[in-house]
Amino acid sequence: LPNLQSPSQLAQSSHLETLLPTNEFTQIKPKTKRPLLSNSKYEDSTYQLPQYVQTIGEVVIATLRLDMDRIRAGPIAGSHYYAECKTQSLQFADEELSPSAKFFYEELSLPRTFTQWFQITALHTWILSVRMRAMPFKYGRNYQQKIIDRFFRDMELRLHDEMNVNSSRISDQYLKDYNSQLRGIVCSYDEGFATDDAVLATALWRNLFNAREEVDFVKLEAAVKYVRGQLYILSMMSDREFALGKFRFVPPQEIVERFTEEQIAKMKAVAKEEYEPKDGKKILPSQKSKLSYEN
Amino acid sequence: MSTPIKEAAKALVKVLESFPRETLTDLSFKETQLDRFRPLAGMTNPIREQKTSIKDIVAKVNPYQIKELEIKAVESSLTDEAIAQQTKALKNLMSNKYRDYYYVTDKLYRPQGNPIYYERLLADIHGESKENLFTGLKTVILGK
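Predicted model only: the values in this text are computed from it and were never measured.

S.K.: Just to check I follow, could you spell out the overall build of chain B for this structure?
M.R.: Secondary structure summary: chain B contains eight helices and one strand in total. Listing each helix as α and each strand as β along chain B from the N terminus yields α-α-α-β-α-α-α-α-α. When each of the 144 residues of chain B is scored for burial, the buried share is 18%. A separation threshold of at least 6 residues defines the contact pool for chain B, and within that pool the share at least 24 residues apart is 62%.

Pasting the structure below:
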């Protein structure tokens, strides 16, 4: 039984202590905080589209036969999934850490800096992009594009509003740096994912742990466990469920166990019940999708 | 230096030596960690030529580069027990414990949108088949 501990418990079980220096210049202490996504009312979690607008929308989608799988990439990948990635490690100097941020900053002993937030968010967007690659090409690629576009747009705004980088020349320089880092991140994580745990661990060491010399291998192992666990859950979701935004990252404090045959069958049955077209069951045009709910 | 620590460090160095060497970059986990633990195991580190790395050059050219915090392990906590635990973690990684337990099937390894993605990537990284101008252009234009 290789799986009695959660990544968080594993990281905390290490006997090795790590000293984390704080540097007041690298702390994130914005004068005004940005909203999670944007100021747009459409991205507010409590916003409800008026009924008449909804009705008009459904008619437009039906008459123009719009490809909802394509349109959905923006709101699901660019907004919903990006927020999911962003919040995993979002932190401010004068606020308490969320449970998932605690895992990264305290239990894995990573520094509380903006660049570290970028690294952790990039790791999560990469995890999602592995699943997007397994969707039909034109949809998966669109999802990937939307989440990365949003990531960089958000970084630009965060640098300006929260990190007080007022010169666009400097922030452009940062963004170019982050962009080339992201290419390396995707390439090396992909290599680790497709080969073995040791290679994935070295990729995480180079990126997430910033190639730090005095790294704790137990924490590195916990990070590998965390990543593999998320990918396992993603591999169990059908394209349709994933594309509709049903995935949430498993908190690092929870144990991911392998599904039994019965559980898998049950999940498929639930998806079938929800998505299979039946007589007398109406699916709104905006909810239509060509993606499989059985894979 | 006390013997239990030395013995534990020796075992750790042995495991580290069988760790895979990075193919993508000069920055090597294996080398860095061997350099860190060899002195503890009573071994000497090989003398290497000091090369200026890309990192140093970039740091010189780009004054706005983000400064990194130096994070250290507490030396007194590096007991023989702690080192043995570190060795075990490395062994777990070497045995592919998590890849095999969380096996993701060909659904992710041969992704529907681009089935030979990982094959091509690994072949290129390991130098088995280099992409040429034509295949490269095709990837850039078509996206796969």
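S.K.: What am I meant to see in the overall build of chain A here?
M.R.: Helix and strand counts for chain A stand at twelve helices and one strand. For chain A, the N- to C-terminal ordering of α and β elements is α-β-α-α-α-α-α-α-α-α-α-α-α. Relative to the globule expectation of 19 Å for 295 residues, the C-alpha radius of gyration of chain A, 21 Å, shows essentially globular dimensions. In chain A, which comprises 295 residues, the share counted as buried stands at 40%. Expressed as a percentage of contacts within chain A between residues at least 6 apart in sequence, the contacts between residues at least 24 apart total 70%.

S.K.: Could you clarify how one ought to interpret the environment of A:Thr32 in this entry?
M.R.: Mapped onto the elements of the fold, A:Thr32 is located in the loop between strand S1 (18-19) and helix H2 (51-64). Each C-alpha atom of the pair A:Thr32 and A:Glu162 lies 6.9 Å from the other, and the pair is 130 residues apart in sequence.

S.K.: Can you help me understand the interface of chain B and chain A in this one?
M.R.: Think of interface size as the accessible area that goes away when the parts come together; that is how it is often given. At the interface, 52 residues of chain B touch 59 residues of chain A. Put simply, the parts of the chain that give the side of chain B that touches chain A at least two residues each are helix H2 (29-37), strand S1 (72-73), helix H4 (80-94), helix H5 (97-101), helix H6 (105-109) and helix H7 (117-125) of chain B. No other element matches the nine residues that H4(B) contributes to the side of chain B that touches chain A. Two elements, S1(A) and S1(B), share two bridges in a ladder whose sense is antiparallel.

S.K.: Sorry if this is basic, but what is going on with the packing of helix H6 (residues 114-133) of chain A against helix H7 (residues 137-161) of chain A here?
M.R.: Helix packing geometry: the angle between the two helix axes and the distance between the axes. All names here are of chain A. One can describe the packing of H6 onto H7 by two numbers: an axis separation of 9 Å at closest approach and a directional angle of 165°. Regarding the angle of H6 to H7, the classification is roughly antiparallel. In the crossing of H6 with H7, the sense of the turn from one axis to the other is right-handed. Between H6, through Phe118, Thr121, Thr125, Leu128, Ser129, Met132 and Arg133, and H7, the contact on the second element is made entirely by Gly140, Tyr143, Gln144, Ile147, Ile148, Phe151 and Met155. Of the residues in the contact of H6 with H7, the class split is eight nonpolar, five polar and one charged.

S.K.: What exactly am I supposed to notice about the environment of A:Val250 here?
M.R.: Residue and element names in this part refer to chain A. The topology assignment puts Val250 in the loop between helix H11 (239-243) and helix H12 (261-275). Given 17 C-beta atoms within 10 Å, Val250 falls into the partly exposed group. Separated by 21 residues in the primary sequence, Val250 and Gly229 have C-alpha atoms spaced 8.1 Å apart. Those residues in contact with Val250, other than ones at most four positions away along the chain, are Gly229, Gln230, Ile233 and Val256.

S.K.: How should I be thinking about the UniProt feature "domain: Ubiquinol-cytochrome c chaperone" (unreviewed entry) in chain A in this particular structure?
M.R.: The sites that UniProt annotates as "domain: Ubiquinol-cytochrome c chaperone" (unreviewed entry) are residues 106-249 of chain A. End-to-end, the C-alpha atoms of residues 106-249 of chain A are 19 Å apart, and along that stretch the chain is 76% helix and 0% strand.

S.K.: Just checking my understanding: could you explain the packing of H7(A) against helix H8 (residues 168-194) of chain A for this structure?
M.R.: Residue and element names in this part refer to chain A. Viewed as axis vectors pointing N to C, H7 and H8 meet at an angle of 140°, and their least axial separation amounts to 10 Å. On the basis of their axis angle, the class for H7 and H8 is oblique. Considering how the two elements wind past one another, H7 and H8 form a crossing that is right-handed. For the pair H7 and H8, contact is made by Phe152, Met155, Glu156, Leu159 and His160 and by Ser171, Tyr174, Leu175 and Tyr178, respectively. Among the residues making up the contact of H7 with H8, the classes are represented as six nonpolar, two polar and one charged.

S.K.: Sorry, what's going on with the nonpolar core here?
M.R.: The nonpolar side chains of soluble globular proteins are, as a tendency, buried together. In terms of nonpolar packing, the biggest core is built from 86 residues, with A:Leu200, A:Ala201, A:Leu204, A:Leu220, A:Ala223, A:Val224 and A:Leu231 touching the most fellow members. Setting aside residues no more than four positions away along its own chain, A:Leu220 makes contact with A:Ala201, A:Leu204, A:Trp205, A:Phe209, A:Val215 and B:Ala89.

S.K.: Please clarify how the environment of B:Gly127 should be interpreted in this entry.
M.R.: Residue and element names in this part refer to chain B. Take Gly127: it is sitting in the loop between H7 and helix H8 (133-142). Take Gly127: there are 8 C-beta atoms within 10 Å of it, and that puts it in the exposed class. Between the C-alpha atom of Gly127 and that of Thr23, which follows or precedes it by 104 residues, the distance is 9.4 Å.

S.K.: How should I be thinking about unusual backbone geometry in this particular structure?
M.R.: It is generally the case that most residues other than glycine have a negative phi and that most peptide bonds are trans. Residue and element names in this part refer to chain A. Even without glycine at this site, Asn164 takes up a positive phi of about 55°. Mapped onto the fold, Asn164 is located in the loop between H7 and H8. Its identity is not glycine, yet Ala211 carries a phi of approximately 50°, on the positive side. Within the fold, Ala211 resides in the loop between helix H9 (197-207) and helix H10 (217-236).

S.K.: What is the right way to look at H9(A) in this model?
M.R.: Burial analysis of H9(A) places eleven of its eleven residues in the buried class, the great majority of the element. All of the buried residues in H9(A) are A:Asp197, A:Ala198, A:Val199, A:Leu200, A:Ala201, A:Thr202, A:Ala203, A:Leu204, A:Trp205, A:Arg206 and A:Asn207. Tucked inside the fold, the buried residues of H9(A) contact H6, H8 and H10 of chain A together with H2, H4 and H5 of chain B.

S.K.: Would you mind going over helix H1 (residues 3-17) of chain B with me for this structure?
M.R.: Since the α-helix turns once every 3.6 residues, residues separated by three or four places project in the same direction. Residues and elements named next belong to chain B. When the terminal C-alpha atoms of H1 are compared, their 21 Å separation across 15 residues agrees well with the 21 Å that a helix rising 1.5 Å per residue should span. Listed as buried for H1 are Ala8, Ala9, Leu12 and Leu16. Each buried residue of H1 sits inside an arc of 100° when the element is viewed along its axis, so together they form one side. For H1, the exposed residues set more than 90 degrees away from the buried face come down to Thr3, Lys14 and Glu17. The inward-facing, buried residues of H1 abut H2 and H4.

Conventions used here
- Here the residue numbers are simple positions, counted from 1 along each chain's written sequence.
- As they are written, the chains are lettered A onward and the ligands numbered 1 onward, keeping that order.
- Confidence filtering applies because this is a predicted model: local features only for residues at pLDDT of at least 70, side-chain atom pairs given and counted only at 80 or more, and all residues used for totals across whole chains, interfaces and linings.
- Labels follow the DSSP assignment, with helices taken as runs of H or I lasting at least four residues and strands as runs of E lasting at least two, numbered in each case from the N terminus.
- Once C-beta atoms are placed from the backbone, each residue is buried if 20 or more other C-beta atoms lie within 10 Å of its own, exposed if 12 or fewer, and partly exposed for counts between those two.
- Our contact criterion uses C-beta atoms placed from the backbone: two residues qualify when those atoms are within 7 Å.
- Radius of gyration: C-alpha atoms only; globule rule: 2.2 Å multiplied by the number of residues to the exponent 0.38.
- Strand pairing follows a simple DSSP-based rule, namely that at least 2 bridges must link the two strands.
- Every angle, taken between N-to-C directions, lies between 0 and 180 degrees, and every axis is a line fitted to C-alpha atoms, over only the stretch in contact when it is a helix.
- In what follows, roughly perpendicular refers to angles from 65 to 115 degrees, roughly parallel to angles under 35, roughly antiparallel to angles over 145, and oblique to any angle outside these ranges.
- Definitions for this section: a left-handed crossing has its near helix turned counterclockwise from the far helix by less than a right angle. A right-handed crossing has that turn clockwise.
- Basically, the charged four are Asp, Glu, Lys and Arg, the nonpolar ten are Ala, Val, Leu, Ile, Met, Phe, Trp, Tyr, Cys and Pro, and anything else, Gly included, counts as polar.
- UniProt positions are given in the numbering used here, feature names are shortened, and annotations may be inferred rather than shown by experiment.
- Linking buried Ala, Val, Leu, Ile, Met, Phe, Trp, Tyr and Cys residues through C-beta atoms within 7 Å yields a set, and such a set is a nonpolar core.
- How far a helix is expected to stretch is found by multiplying one less than its residue total by 1.5 Å.
- Directions pointing from the helix axis toward each C-beta atom define the arc.

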